[in-house]
Amino acid sequence: EPDEESDEESDEEPDEEPDEEDASVSASGSGDASAEMFAGTALPHEFGNGDPRCAWRYDMRPRTAGAYSVHVKLLTYNGFADFDLEKCNVEQQPVPGGGGDDIEPLEEMNRRRVAELASRNNWTHARGVSGFKMYDPNDACCEACTRARGCRAWTTPGSRHYDHCQLYFDRVEDDLDFADRRTGHFLGRGRSYTFTKQTFERRRRLRERRLAVAPDEIEKGWGPDLFEEAVHGTSRSEPTAYFLGCGWSSLMSFESPCHDPSDDMVHGSGARVDVGSPPPPGPVPPGEEKSEEAERRPCTLEDERVSNSFAGRWVQYPFPDDETCSALVQDRKTKADFRDFRAEYLDDEPPLCWHRDDISRHANTCVEPGCQWVLNHRWKTSLRKQDRWYGRWEQYGCNVMDVSTADLQKCVDERRISKIEVRGASIAEILDGYMIQRTHGIKFVKDKNNTLTAILDTLSLPHLLWHNSVAKQRSLFEDSSQFPPVPPTVEHYWVSGFYLTSEREPHTYVDRSLQFSRLAEDILGERGYRPINVLGPTAAFAYDTDGQADGLHISGPPAKVAVQKFFHHLCRDVLA
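Residues numbered from 1 in each chain as written. Predicted model: local features only at pLDDT ≥ 70, side-chain atom pairs only at ≥ 80, totals over all residues. Heavy atoms only, no water.

Novice: Help me get a handle on the state of the cysteines, residues and values and all.
Specialist: Two cysteines, two sulfur atoms, one covalent bond between them: this is a disulfide. What the rule picks out here adds up to seven disulfides. Here C141 pairs with C165 through a disulfide, and the sulfurs are 1.9 Å apart. Disulfide C141 to C165: torsion about the S-S bond roughly -80 degrees, handedness left-handed. Of this pair, C141 sits in helix 2 (residues 137–147) while C165 sits in strand 9 (residues 165–169), and the two are 24 residues apart along the sequence. Just as C141 is buried, C165 falls in that class too. Disulfide partner of C325: C353, at an S-S distance of 2.0 Å. A torsion of -85 degrees about the S-S bond marks the disulfide between C325 and C353 as left-handed. Linking C325 in the loop between strand 15 (312–316) and strand 16 (356–357) with C353 in the loop between strand 15 and strand 16, this pair joins segments that are 28 residues apart in sequence. For the pair C325 and C353, a shared accessibility class is recorded, and that class is buried. (Disulfide = S-S within 2.5 Å. Helix = DSSP H or I, 4+ residues; strand = E, 2+ residues; numbered from the N terminus. Buried < 20%, exposed > 50% of the residue type's maximum accessible area, 1.4 Å probe, protein only.)

Spelled out as structure tokens, the structure:
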């Protein structure tokens with residue numbers, strides 16, 4: 001039975017958010033469904049009546065009898081915290097003599113620059129930070145300084161070859177996150193305090209894990225241009241979010257990193273709960289109080305609202321036999337630059353064949369330095385063992401229909417569709433790989449008169465989370481030059497944020513993914529943009545089919561759901 005993760009977000013957005021929990025609930029069962037998976041965010045539970053116990057709650061209604069396994073993982077603290085990059089007070093301070101290709105003289109001049117800045121401001125203590133992936137050192141170093149208690153200022157690059165940043169403090173005693181309170185000493189590279197060199201026994205004895213420095217073996221991208229763009233700035237001095245989970249993080253070495261990929265598991269994870277047949281009665285989740293006839297109604301755009309993100313669950317069915325579907329092999333027939341496993345789908349096959357997958361072949365390759373270490377040091381569910389997987393995301397209260405190649409051709413002809421576009425950045429590339437597969441062989445209308453263009457748009461949402469405050473993003477969504485009203489000749493669908501289980505870049509959390517999806521829904525909906533909600537479907541696979549194990553680029557079954565929903569809404573009136 002697939003051990004599944006669940007993280008479910010509160011509808012409220014408090015200023016100070018408690019630790020987000022990633023819980024997973026899955027079961028093996030009898031009957032038509034062989035497994036059932038629920039995924040979402042566990043919420044804090046208060047027992048009341050003076051009971052001091054602390055617990056996490058995840059509401060679910062099992063429909064399959066069997067043994068359910070439960071897994072809960074930490075994700076974020078104060079994940080809705082907003083930020084103002086202007087408060088970083090960034091100032092350019094290029095290293096003099098830049099422009100040459102020789103790194104060593106530039107590094108020496110940079111060391112002097114860093115030391116002079118500390119001396120001028122009487123900062124008597126400084127330390128370097130070597131992050132895992134700092135795609136934007138300015139943003140990442142400012143974030144590191146803001147999180148480090150007592151940090152006054154920062155520079156990038158730092159004074160050593162492997163230091164992306166240098167953090168400054170008035171005194172060493174002010175560097176509270178750098179202290180080992182058991183011994184009274186301050187940690188540093190000289191003490192070999194790294195997450196690869198500590199022994200298991202040593203790790204378990206550390207009651208207060210603090211700073212760990214990234215190993216120098218992880219290759220960093222250094223060049224003369226880094227010194228030409230040297231800057232310094234200050235702490236933002238405002239509340240910040242904290243990523244608490246294990247896995248990919250731009251500041252993986254900076255926080256309290258995981259020394260074992262299950263360090264972020266909540267006590268009690270892995271418990272198994274037997275559910276008899278029929279399942280015990282319980283509260284009915286919103287949307288489930290429907291008759292069987294209502295449950296078969298086609299889903300509408302109202303069902304795609306952010307408030308309905310977790311109104312469904314994954315159901316795994318017996319794998320189709322060879323008489324129903326072709327062999328499960330890598331697709332090498334449709335032209336698409338697809339970096340992950342993608343099962344071949346023949347145009348004349350039933351659409352159910354498209355949902356088959358080999359989960360074990362997803363997210364096994366790296367394209368960036370250092371990724372291999374994460375790939376080999378990751379937590380995953382038993383889904384990873386399934387090389388013949390067939391399942392469906394099933395919405396409560398309605399049905400998302402499957403569209404065959406013949407159905408899609410009929411839809412294209414009757415709606416006079418001339419083009420289907422997939423827009424966005426890296427996640428759009430994943431969706432486009434499946435879109436190309438499903439539209440292979442489809443003949444679009446060539447006559448441009450009175451035709452329709454259909455767009456599936458990810459809005460490049462992870463990049464928006466990374467760089468934009470809530471106020472800035474609201475302003476961009478409200479700017480009609482950036483997001484003009486959708487004309488009658490276009491149907492423009494936007495894809496909600498994925499369920500993120502990482503901190504691939506600063507500020508890129510599941511909390512903000514939900515928050516920005518709400519912003520898009522509230523503002524863009526008035527101009528004719530139509531939602532495709534995949535926040536819930538991606539939660540279940542966020543640790544198993546995420547490219548490079550980065551907790552963000554989730555391919556496989558959840559990405560197929562986005563394309564399936566797109567065709568459902570595009571063609572529903574024609575095919576219903």
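Novice: With reference to specific residues and values, describe the sheet that holds strand 12 (residues 231–234).
Specialist: If you trace the five strands from one edge of the open sheet to the other, you get 6-12-8-9-7, paired in antiparallel fashion. The sheet is open, and its two borders are formed by strand 6 (91–92) and strand 7 (125–129), each paired with just one other strand. Sheet topology note: the strand 6/strand 12 ladder contains two bridges and is antiparallel. Among the inter-strand pairings, Q92 is bridged to a residue of strand 12, identified as V231. In the packing of helix 2 onto the sheet, the strands contacted are strand 8 (153–156), strand 9 and strand 12, and the crossing angle to strand 8 comes to about 150 degrees. (Pairing = 2+ DSSP bridges. Contact = heavy atoms within 4.5 Å. Axes fitted to C-alpha atoms, helices over the stretch in contact; angles between N-to-C directions.)

Novice: Tell me about helix 2, residues and numbers included.
Specialist: Most of helix 2 sits out of view: 10 of its 11 residues are buried. Taken together, the buried positions of helix 2 are occupied by P137, D139, A140, C141, C142, E143, A144, C145, T146 and R147. Where helix 2 is buried, its residues touch strand 8, strand 9, strand 12, strand 13 (242–243) and helix 9 (461–467).

Novice: Outline the sheet that holds strand 15, listing residues and values.
Specialist: In space, the five strands of this open sheet follow the order 3-2-15-17-16, with antiparallel pairing throughout. Each edge of the open sheet is held by one strand with a lone partner, namely strand 3 (54–57) and strand 16. Pairing of strand 2 (residues 35–46) with strand 15, which is carried by three bridges, proceeds in the antiparallel orientation. What sits directly across from A35, in strand 15, is Q316. On top of the sheet, helix 13 (residues 557–575) reaches strand 15, strand 16 and strand 17 (389–395); it is set at about 50 degrees to strand 17, its chief contact.

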